[in-house]
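Structure at a glance
So the chains spell out like this:
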Amino acid sequence: MMVDLIQKQDLHYYLYQISQNNGKPDSTVNVSRINGALELNLITGKNQLTELEFIKDLQIRREVNAYVKLENAALSDAERLEDNIKNKVRRYFQEINAVKIDKIYVPERYDNKSVKDPLDIDIISNHFEDSDFKNVLINLKMSTANTLNTLGALKEKNKILQTILSDKQ
């Protein structure tokens, strides 16, 4: 999940760079990946612990409570990112007619597999100076960074909790 998010960040930066005339469009870069929403499926799923009194060790109880709060924050951040992609980014590219409908509706496309590169970088590049394009990139940058930061903190909290639990055995 984190690797995918970092790759998405790289794509956002790539689009920013070429929009600022700091780079040339690279035909090998699949800009359509910007439309892909990632779903966060934590191994434990959404933790539903509401009372931790059954845990007698105060340190463990505090760490589990902190972990659950961080897990819920990570889920919220990932949901906001997914919502941003599904409801703002995709809509923006549809509004500027950057979606190559012929790539989506070719005869072999009825097998419901993903479509390779359905966005037209040439059309997108005509909108680099638009405030809407800049807002899409800004929102993606912020929501992706928030999700990465929270997931990184959750990963660290998981390591701490594992260490505490193994030390208590």
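Structure: above.
Residues numbered from 1 in each chain as written. Predicted model: local features only at pLDDT ≥ 70, side-chain atom pairs only at ≥ 80, totals over all residues. Heavy atoms only, no water.

Topic: the overall build of the protein chain
Just so we agree on the cut-off: Helix and strand labels come from DSSP, where a helix needs a run of H or I of at least four residues and a strand needs a run of E of at least two; each type is numbered from the N terminus. Each residue is assigned to one of three classes by its accessible area relative to the maximum for its type, calculated with a 1.4 Å probe on protein chains only: buried under 20%, partly exposed between the two thresholds, exposed over 50%. For this analysis, residues touch if any pair of their heavy atoms sits within 4.5 Å. Only the protein chains shown count as cover for residues, and all accessible areas are computed by the Shrake-Rupley method using a 1.4 Å probe.
Broken down by element type, the protein chain carries five helices and zero strands. Along the chain direction, N to C, the helices and strands of the protein chain fall in the order α-α-α-α-α. When each of the 169 residues of the protein chain is scored for burial, the buried share is 36%. When contacts within the protein chain are restricted to residue pairs at least 6 apart in sequence, those whose partners lie at least 24 apart make up 74%. Counting every atom, the protein chain has about 10,900 Å² of accessible surface; 50% of that belongs to carbon and sulfur.

Structural notes on the packing of aromatic side chains
Our working definition: Geometry of aromatic contacts follows a simple scheme: Phe, Tyr and Trp rings, the Trp one being its six-membered ring, pair when their centres are within 6.5 Å, and the pair is stacked under 30 degrees between planes, edge-to-face over 60, tilted otherwise.
Scanning all chains against the criterion turns up four aromatic pairs. Note on Y13 and Y16: the rings are 6.2 Å apart at their centroids and 35° apart in plane angle, and the pair reads as tilted. Of this pair, Y13 and Y16 both sit in helix 1 (residues 2-19), three residues apart, which is roughly one turn of that helix. Here F128 and F133 contribute two aromatic rings whose centre-to-centre distance is 5.1 Å and whose plane-to-plane angle is 50°, an arrangement assigned as tilted. Through pairs of rings, three or more aromatic residues link up here, namely Y92, F93, F128 and F133.

Some remarks on the pattern of salt bridges
Short version of the rule: A carboxyl oxygen of Asp or Glu within 4 Å of a side-chain nitrogen of Lys or Arg is what we treat as a salt bridge.
The final tally for this structure, using the stated rule, is five salt bridges. A salt bridge links E82 to K86; the shortest N-O distance between them is 2.6 Å. Here K86 and E82 lie together in helix 2 (residues 58-95), a separation of four residues that amounts to about one turn. The exposure class assigned to E82 is buried, which follows from its relative accessible area of 16%.

Some thoughts on the environment of L140
By secondary structure assignment, the location of L140 is in helix 5 (residues 131-168). Here L140 falls in the buried class, since its relative accessible area comes to 0%. Sequence separation between L140 and V89 is 51 residues, and the spatial gap between their C-alpha atoms is 8.3 Å. Ignoring any residue separated from it by four or fewer positions in sequence, one finds L140 in contact with H12, I34, L81, N84, I85 and V89.

What about the side chain of E63?
Mapped onto the fold, E63 is located in helix 2. Relative accessible area serves as the criterion here: at 17%, E63 is assigned to the buried category. Setting aside anything within four residues of it in sequence, one finds E63 in contact with K157, I160, L161 and I164.

Details of the environment of N97
Relative to the helices and strands, N97 resides in the loop between helix 2 and helix 3 (101-104). Separated by 26 residues in the primary sequence, N97 and I123 have C-alpha atoms spaced 7.4 Å apart.

Focus: the side chain of D77
This is how it is decided: Residues adjacent in sequence count toward polar contacts only when both atoms are side-chain atoms; beyond that, a polar contact is any pair of N or O atoms within 3.5 Å, and within protein one must be able to donate a hydrogen and the other to accept it.
With respect to the secondary-structure elements, D77 resides in helix 2. Of the polar contacts made by the side chain of D77, one reaches the side chain of R80; its length is 2.3 Å. At 2.4 Å, the side chain of D77 forms a polar contact with the side chain of T150.

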